[in-house]
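Residues per chain are reported as follows:
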There are 2 protein chains.
Amino acid sequence: MSMNETIQTISTRRSYREFTDKPVSTENLNLILQAGTFAPSAMNRQSAEIIVIKNETKREVLRALGMKLFDGRDPFYGAKEIILVAALKDSKCPIQDGSCVLQNMFLAAESLGIGSCWINCVEDIFQSPEGLELKHSLGISDELIIVGTCILGYPKKYPEYPKKRKAQYIRFVK
Amino acid sequence: MSMNETIQTISTRRSYREFTDKPVSTENLNLILQAGTFAPSAMNRQSAEIIVIKNETKREVLRALGMKLFDGRDPFYGAKEIILVAALKDSKCPIQDGSCVLQNMFLAAESLGIGSCWINCVEDIFQSPEGLELKHSLGISDELIIVGTCILGYPKKYPEYPKKRKAQYIRFVK
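Each value, and the rule that gives it
Residues numbered from 1 in each chain as written. Chains lettered and ligands numbered in written order. Predicted model: local features only at pLDDT ≥ 70, side-chain atom pairs only at ≥ 80, totals over all residues. Heavy atoms only, no water. Helix = DSSP H or I, 4+ residues; strand = E, 2+ residues; numbered from the N terminus. Buried < 20%, exposed > 50% of the residue type's maximum accessible area, 1.4 Å probe, protein only. Axes fitted to C-alpha atoms, helices over the stretch in contact; angles between N-to-C directions. Left-handed = near helix turned anticlockwise from the far one by under 90°. Contact = heavy atoms within 4.5 Å. Nonpolar A, V, L, I, M, F, W, Y, C, P; charged D, E, K, R; others polar. Expected span 1.5 Å × (residues − 1). Least-squares fit on C-alpha atoms with pLDDT ≥ 70 in both. Phe/Tyr/Trp six-rings, centres within 6.5 Å; stacked < 30°, edge-to-face > 60°.

All names here are of chain A. With a phi close to 50°, Asp71 is a non-glycine residue in the positive phi region. Secondary-structure assignment places Asp71 in the loop between helix H3 (56-69) and strand S2 (81-88). Take Asp71: its relative accessible area is 79%, and that puts it in the exposed class.

In structure tokens form, the structure reads like this:
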């Protein structure tokens, strides 16, 4: 397979769940966030919003609520960078818009040697009374749903290729 | 902004709606499709399926049905490559899974100098009796929804940067 750097990044990206203590620099974080904003959106409505939780207290409250939901397991895998992608519920395609933002960020991170993972539980966390309180304290209005969460950090190791791609992923109608 | 090739591709990707007659080679098409299969999916369930409409008759039936829906305008912008991304309705996150597949394909295309665009009307086309017949003739079962469609071709021109990114795309909670 002849590859350029972009396709190389796409095919080597993994979901990382173990991170070192090395922090992600502000410069790299900004590159990743900017990459998110370049995602396409339905009718260019840009329904998504990227919420970067830099407040340590709020971040740890979120983590604690997540651990409560997952029997003591940290659903954010100890990551220090937790970035929520929300989108306007009433937009044409909020889930699609937000997902493309997330995928852009994952790829930008990978290209910088930074590990990322899609975490899916924040909308669930925000369902409880404490979760809803946290949501509001993060300035997230009820018009927004959380499409997904991007955690970031420097990988402890390169994860195994997860599972064989299913045979029927691509089908040609001839 | 210091950029690597991947971030460059992410930030220069556009949605293309005017194509030349030059066909996309099988080699490039396969690179783009493979890139799609490297997308993450919820719990690695790989709920998405990539359906490449290489049958000219079926492709033109799809286009004609689209034109009927859009007052004579071709919603696929004359593109010869029409690739549907479907996903299992009952999977955990079908829309998210399919959207990441699409975004990978758009970026791989861009990196190869091939223009792409997300087209959103196929699920609507498949609602009519003729549309449903076509859906089945494409081998798409009722368990699948169409998340989105990727059209491909060589761009006639590089589109203008569409509209200023909204100011509130990124928000830091400090």
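Continuing now.
All names here are of chain B. Relative orientation of the contacting elements helix H2 (residues 26-37) and helix H4 (residues 94-111) amounts to 145°, with a least axis distance of 7 Å. Viewed along their axes, H2 and H4 form a crossing whose handedness is right-handed. Of H4, the residues touching H2 (which contributes Ile32, Leu33, Ala35 and Gly36) are Val101, Asn104, Met105, Ala108 and Ala109. Among the residues forming the contact of H2 with H4, the class breakdown is seven nonpolar, two polar and no charged.

Turning to helix H4 (residues 94-111) of chain A, a few remarks are in order. Between its terminal C-alpha atoms H4(A) stretches 26 Å, which fits the 26 Å expected from 18 residues at 1.5 Å a residue. Positioned one or two residues after H4(A), A:Gly113 has a phi angle of 80°, which is positive.

Now for the relation of the copies chain B and chain A. For the pair chain B and chain A, the best superposition has an RMSD of 0.0 Å and corresponds to a rotation of 180° with a translation of 0.0 Å parallel to the axis. What the superposition gives is, in effect, a two-fold axis relating one chain to the other. Taking C-alpha positions as the reference, the residue of chain B nearest the rotation axis is B:Thr6, at 2.3 Å. Interface overlap between copies is the fraction of interface residues in one copy that are interface residues in the other; for chain B against chain A it reaches 100%, indicating a shared surface.

Residue and element names in this part refer to chain A. Going through the model one piece at a time under the given rule, you end up with four aromatic pairs over all chains. Look at Tyr16 and Tyr158: their rings are 6.3 Å apart centre to centre, the planes differ by 65°, and that puts the pair in the edge-to-face class. Taken together, the residues Tyr16 in the loop between helix H1 (5-12) and helix H2 (26-37) and Tyr158 in the loop between strand S4 (144-153) and strand S5 (170-173) connect sequence positions 142 residues apart. Owing to a relative accessible area of 3%, Tyr16 belongs among the buried residues under this scheme. Aromatic side chains Phe106 and Trp118 sit 6.1 Å apart centroid to centroid with 45° between the ring planes, which places their arrangement in the tilted category. Here the residue Phe106 occupies a position in helix H4, and Trp118 occupies one in strand S3 (residues 115-119), the gap between them amounting to 12 residues.

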